[in-house]
Amino acid sequence: MSERLQPGDTAPAFSLSDADGNQVSLADHAGRKVIVYFYPAALTPGCTKQACDFTDNLEVLAGAGYDVIGISPDQPEKLGRFREAENLKVTLLSDPDKKVLEAYGAFGEKLNYGRTYLGVIRSTIVVDEQGKVEHAFYNVRATGHVAKLLRDLKVGA
């Protein structure tokens, strides 16, 4: 199980395929703040709500200097279907081998109805312009998280 990131840590570098098969890396966003959020599965109710919330607030976040990247273990083809079905505007990246999820502490033990299993821990990491972790939120809720994040970042207030 991976260690959780803390503010001040260097954000782990990554390069992953987006929904169209293009490589997107954290370095592509150097000089901008990046919200990297990790979610369990495209086309599921909670993940759809969260992705739609990010899309609905993308203009406000971009205006405040933030790019938004969503990462899940889904294949690029499924991410493409997710983007089209929900008219998503956020960048969605595929991490099927879970290496980036693990590097960010977003994959590990979860407890559901008394059963422990390994899975994606819904998490949001805010990376500053220098590639350092500014905020690290783990075990976030799908519903209401983006609104809380806007308040925490003092964006759109």
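An account of the accompanying structure is given in this report. (Residues numbered from 1 in each chain as written. Predicted model: local features only at pLDDT ≥ 70, side-chain atom pairs only at ≥ 80, totals over all residues. Heavy atoms only, no water.)

**Here's the deal with the nonpolar core**
If you look at the biggest cluster of nonpolar residues, it comprises 25 residues, and the most contacted ones within it are I35, Y37, Y39, F54, L61, V68 and L92. Secondary structure elements with two or more residues in this core: β3 (33–38), α1 (45–56), α2 (58–63), β4 (66–72), α3 (76–86) and α5 (145–153). It is α5 that contributes the most residues to this core, four residues altogether. Ignoring sequence-local partners within four residues, the contact set of V68 consists of I35, Y37, F54, L58, L61, V90 and T91. Judged by nonpolar contacts, the second largest core, of 22 residues, contains L26, I125, V127 and Y138. (Core = buried A, V, L, I, M, F, W, Y, C linked by side-chain atoms within 4.5 Å. Buried < 20%, exposed > 50% of the residue type's maximum accessible area, 1.4 Å probe, protein only. Helix = DSSP H or I, 4+ residues; strand = E, 2+ residues; numbered from the N terminus. Contact = heavy atoms within 4.5 Å.)

**Here we look at the sheet that holds strand β5 (residues 91–94)**
Taken in spatial order, the seven strands make up an open sheet running β2-β1-β5-β4-β3-β8-β9, and their pairing is mixed. At either margin of the open sheet sits one strand with a lone partner, and together these are β2 (23–25) and β9 (133–138). Looking at each pair of strands side by side, their axes are set apart by 30 degrees on average, direction ignored. In this sheet, β5 lies alongside strand β1 (residues 15–18) in antiparallel orientation, the contact comprising two bridges. If you follow S17 over to β5, its bridge partner there is S94. Docked against the sheet, α3 engages β1, β4 and β5, running at close to 155 degrees with respect to β5. Taken strand by strand, α5 contacts β3, β4, β8 (123–127) and β9, and its axis lies near 150 degrees from that of β9. (Pairing = 2+ DSSP bridges. Axes fitted to C-alpha atoms, helices over the stretch in contact; angles between N-to-C directions.)

**Brief notes about the pattern of salt bridges**
Throughout the structure, instances matching the rule amount to seven salt bridges. In this structure, the salt-bridge partner of R32 is D67, at a minimum N-O distance of 3.0 Å. Here the residue R32 occupies a position in the loop between β2 and β3, and D67 occupies one in strand β4, the gap between them amounting to 35 residues. The partly exposed category is assigned to R32, whose relative accessible area is 32%. Note on D67: relative accessible area 17%, which makes it buried. Among the salt bridges present, the one from K33 reaches E134, with a minimum N-O distance of 3.4 Å. Here K33, found in strand β3, pairs with E134, found in strand β9; they are 101 residues apart in sequence, far enough to count as distant. A single salt-bridge network, built from bridges that share partners, covers D20, R83 and E84. (Salt bridge = Lys/Arg side-chain N within 4 Å of Asp/Glu carboxyl O.)

**Concerning the environment of I125**
The residue I125 is located in strand β8 in this model. Along the sequence, I125 and G70 sit 55 residues apart, while their C-alpha atoms lie 10 Å from each other. Leaving out residues up to four positions away in the same chain, I125 has contacts with L5, V34, I35, V36, F38, Y104, V133, H135, A136, F137 and Y138.

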